[in-house]
Amino acid sequence: MVDIAADLSTLCFESGLADDEKKLLYLRARSAGLTFCGCAHAAFVCELIDSLRCAIKRRTAKIRKPVAPGEDDDLRVGILGMGHLGKQLCLALLEKTKIKPSNIKISTRRPELAVEFVHTEVECFFDNRRLAAWADVLFLCCLPSQIPKVCVDLCSHLAKHCLVYSFTSAIPVTKLAKLLGHDYILKPKYDVVSCDTVDVWLSCSPVATALSDPLLIEASCPLTMKGLFPGFHLRMPRSGRPRCCAFYQAVNLCNSASLQLINPRWRHQQSNTLISHSIKITNR
């Protein structure tokens, strides 16, 4: 499909802005960059957790109890909220991870608007409690003003092993944990760094397509030791890099039998203490 308005400057977004409004155009690139990095890192965490679970299942195939007919032992991902971020995240998970569409569910007030997913097995409905009780990983893609009501729905319905991944930057993790009555929460926090190449993020839409761009992948890579270039840095606890936090989040989803298999491989360098229980990392 050809965009016949592509070269018509009078129809572009900037043409309708006043001079004082044009000074804020950099916010478009910042918003696009935050959306891209958020979706990329969320997909990375899901892929890491799913890969670890699959590896453990292969190692424990002979001792694990058989799965009952109709049940699925794969990673289950829930997305709460179907605005721009929720849609981009779902598309990224569908196209860039091995998670089955049937293992992705979305709770939104307007499920009838999820036309992009009609042809997939992604189930859309409006039942936050049902989503909370079902999901292994739950992404909060709602507005800050909606958090109190959402937390009332989720409280006491979240499984203990469920990882709550919050995109709501305006709500501190400590407050979110108190509202949810749940302390297994991951909330990435990005620092915006001023630079001349921030416009590169304007090519990030749609996110699933942009995730095939080597330049953007490198810029958002959660394993980088230099932060997110250009324009963003992922702020993590001083004691660990993103890969460390993501690994421990994955370990926390393992059961005790699975941990016994990986204990010998993961020893503390100083105290030589084995991992013998679930590890909860809260990113503050």
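To be clear, the structure that these remarks concern was listed above.
These numbers come from a predicted model, not from an experiment.

Caption draft 1: Layout of the layout of surface pockets. There is about 940 Å³ of room inside the largest pocket. Taken together, 36 residues line the largest pocket, and the ones lying closest to its centre are Leu-85, Cys-141, Cys-142, Leu-143 and Thr-168. Those elements giving two or more residues to the lining of the largest pocket turn out to be α2 (26-59), α3 (84-96), α5 (147-154) and β7 (189-192). The residue makeup of the lining of the largest pocket, split by class, is 18 nonpolar, 12 polar and six charged.

Caption draft 2: Representation of the pairing of strand β1 (residues 77-80). Alternating positions in β1 separate into two faces, Val-77 and Ile-79 on one and Gly-78 and Leu-80 on the other, with burial throughout. Bridging between β1 and strand β2 (residues 104-107) involves four bridges; their strand directions are parallel. Looking at the pairing, Val-77 lines up with Ile-104 of β2. In this fold, β1 hands off to α3, which returns the chain to β2; that crossover is right-handed. Sheet topology places β1 next to strand β4 (residues 137-140); four bridges connect them, and they run parallel. By the bridge assignment, Leu-80 is partnered in β4 with Leu-140.

Caption draft 3: A nonpolar patch on the surface, seen in detail. There is a patch of nonpolar side chains on the surface, built from Leu-24, Tyr-26 and Leu-27 and spanning about 270 Å² of accessible area. Here Leu-27 shows up in helix α2. Assessed through its relative accessible area of 37%, Leu-27 is described here as partly exposed.

Caption draft 4: Here's a closer look at the sheet that holds β4. Read from one edge of the open sheet, six strands run β3-β2-β1-β4-β5-β6, paired in parallel fashion. Only two strands of the sheet have a single partner each, and these edge strands are β3 (123-125) and β6 (185-186). In this sheet, strand β5 (residues 163-166) lies alongside β4 in parallel orientation, the contact comprising four bridges. Residue Leu-138 lies in a different strand from β5, and its bridge partner there is Val-164.

How each quantity is defined
Residues numbered from 1 in each chain as written. Predicted model: local features only at pLDDT ≥ 70, side-chain atom pairs only at ≥ 80, totals over all residues. Heavy atoms only, no water. 1 Å grid on protein atoms, 1.4 Å probe; cavity = no way out; pocket = protein on both sides within 12 Å on 5 of 7 lines; lining within 4 Å. Points joined across faces, edges and corners; volume = space filled by probe spheres on them. Helix = DSSP H or I, 4+ residues; strand = E, 2+ residues; numbered from the N terminus. Nonpolar A, V, L, I, M, F, W, Y, C, P; charged D, E, K, R; others polar. Buried < 20%, exposed > 50% of the residue type's maximum accessible area, 1.4 Å probe, protein only. Pairing = 2+ DSSP bridges. Right-handed = clockwise from strand over helix to strand, strands pointing away. Patch = residues over 30% accessible without salt bridge, like charges linked within 9 Å, V, L, I, M, F, W, Y side chains within 5 Å. Areas by Shrake-Rupley, 256 points an atom, 1.4 Å probe, with all protein chains shown as cover. Salt bridge = Lys/Arg side-chain N within 4 Å of Asp/Glu carboxyl O.

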